[in-house]
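Residue-level structural notes
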Amino acid sequence: MERDEAGRGEPEPEFSHPDPQTDAALDWLFTLQAHPDDPALKARFDAWRQADSAHEAAFARVAQAWSLPEMDEVARGLVSQKRHAESGRGGLAARRPPPRGRWTKFALAMAAALVLALGVQLYPGLALRWKADYLTLAGARQLVVLPDGSRMTLNTASAVALNFDGATRSVTLLQGEAYFDVVRDTSRPFTVTSNFSVVEVKGTAFSVRTDGTQDVVVLERGHIDVAQLPGRRVQAALNPGESIVATAASLSPIRRADPETSLAWLRGQLVFEDKPFDEVLDEVARYYGHAIIAATSGLAQIRVNGNYRLDDPERAVRSLATAAGASVTRLPGGILIVR
């Protein structure tokens, strides 16, 4: 429990990082800093760290985030928000945040989680930029007319590489999502390759989305063949209004899909029907371009229905939070905390 300068006690807000390994690493980081000369504690920490390589990796990420200069800025914003709220209640006046060693565990945990999230956005891989022929930033969409006359629309934070050499019509989806309206050419199949699948068509309209764990293919019109990679060992043929999911382990059964909903992003919208709040928040976050952190697990299973515009994702987050009975705090740099 933290106490203000008048001695009044307030319960410290709770924060659990959604990744249990990172959450445990954060606990170890704070505990070790509070008791740096405790040999028994150090021994228990070493045992935990050596028990699983995932523990070692999680602690390395947290320790690296702790050392970044952005940590000070993020936590300073958190403490300032808290001081401002206290001042508004007639409590402490806003003042300079305490040094790092005196931050509350809540502020430390939130700051570390935010910096870890920011790292993905602030330090994008240069390799992706080298490989990509076309790349969009968060919140952007781009229409590209391909060398054969086909039309490709890249969704937010997406990247593709092209190969249209001679008889080849090939696109590699490196990241994100793209929609293809393919000019028919029976002599030159059009292929889209992603992490776990390859789609082959003669002429049709479909989308492919990859997030590093799966590829989702949705067919709007025409016919396509989808094969699992590597080796194309499992294949499926899709008809209009169908979708399929490819992972490293399998190719899912063919499912019915509503292109009006699945492809609403082409119209600058997101449409949700009975989706969990955390999934919806993750989807909106793809278009926001800054970190969005859900600071409470209580929102996760609230069901969401609605239609949201993509030209103002922060407004969409605030609308979602209001409907769920939550609040949104905006920190410097556009960071949003939903709680």
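Our subject is the structure listed above.
Analysis parameters
Residues numbered from 1 in each chain as written. Predicted model: local features only at pLDDT ≥ 70, side-chain atom pairs only at ≥ 80, totals over all residues. Heavy atoms only, no water. Pairing = 2+ DSSP bridges. Helix = DSSP H or I, 4+ residues; strand = E, 2+ residues; numbered from the N terminus. Axes fitted to C-alpha atoms, helices over the stretch in contact; angles between N-to-C directions. Contact = heavy atoms within 4.5 Å. Parallel < 35°, antiparallel > 145°, perpendicular 65-115°, else oblique. Left-handed = near helix turned anticlockwise from the far one by under 90°. Nonpolar A, V, L, I, M, F, W, Y, C, P; charged D, E, K, R; others polar. Buried < 20%, exposed > 50% of the residue type's maximum accessible area, 1.4 Å probe, protein only. Lys, Arg positive; Asp, Glu negative; His and termini not counted. Salt bridge = Lys/Arg side-chain N within 4 Å of Asp/Glu carboxyl O. Polar contact = N/O pair within 3.5 Å; in protein donor to acceptor, adjacent residues only side chain to side chain.

Points about the sheet that holds strand E19 (residues 328-330)
Strand order in the open sheet made by the three strands is E17-E20-E19, with mixed pairing throughout. With one partner strand each, in any of the chains shown, strand E17 (292-294) and E19 form the two edges of the open sheet. Neighbour-to-neighbour, the strand axes of this sheet turn through a mean angle of 20 degrees, independent of strand direction. Two elements, E17 and strand E20 (residues 336-338), share three bridges in a ladder whose sense is parallel. Considered in E20, the bridge of Ala294 is made with Val338. Packed onto the sheet, helix H8 (residues 277-288) meets E17, E19 and E20 and runs at close to 165 degrees relative to E17.

Notes on the packing of helix H1 (residues 20-34) against helix H2 (residues 39-51)
One can describe the packing of H1 onto H2 by two numbers: an axis separation of 11 Å at closest approach and a directional angle of 160 degrees. When the axis of H1 is compared with that of H2, the two are roughly antiparallel. Both H1 and H2 take part in a crossing whose hand is left-handed. Contacts between H1 and H2 involve Ala24, Ala25, Trp28, Thr31 and Leu32 on the former and, on the latter, Leu41, Arg44, Phe45 and Trp48. When grouped by side-chain class, the residues that make up the contact of H1 with H2 number seven nonpolar, one polar and one charged.

Considering the side chain of Asp215
Of note, Asp215 is situated in strand E11 (residues 215-221). Buried charge without a partner: Asp215 forms no salt bridge, and the closest opposite charge is Arg209, 9.3 Å away. Of note is the side chain of Asp215, whose polar atom sits 3.4 Å from the backbone nitrogen of Asn195.

Description of the pattern of salt bridges
Evaluated as defined, the whole model comprises 16 salt bridges. When the shortest N-O distance is used, the salt bridge between Lys42 and Asp46 registers 3.0 Å. On the criterion of helical spacing, the pair formed by Lys42 and Asp46 is a turn pair, its members being four residues apart in helix H2. Residue classification places Lys42 among the partly exposed positions, given a relative accessible area of 42%. Residue class for Asp46 comes out buried when judged on its relative accessible area of 17%. Close ionic contact of Asp46 with Arg49 constitutes a salt bridge, the shortest N to O distance being 3.0 Å. Of this pair, Asp46 and Arg49 both sit in helix H2, three residues apart, which is roughly one turn of the helix. Three or more residues joined by partner-sharing salt bridges are found here, namely Lys42, Asp46, Arg49 and Glu56.

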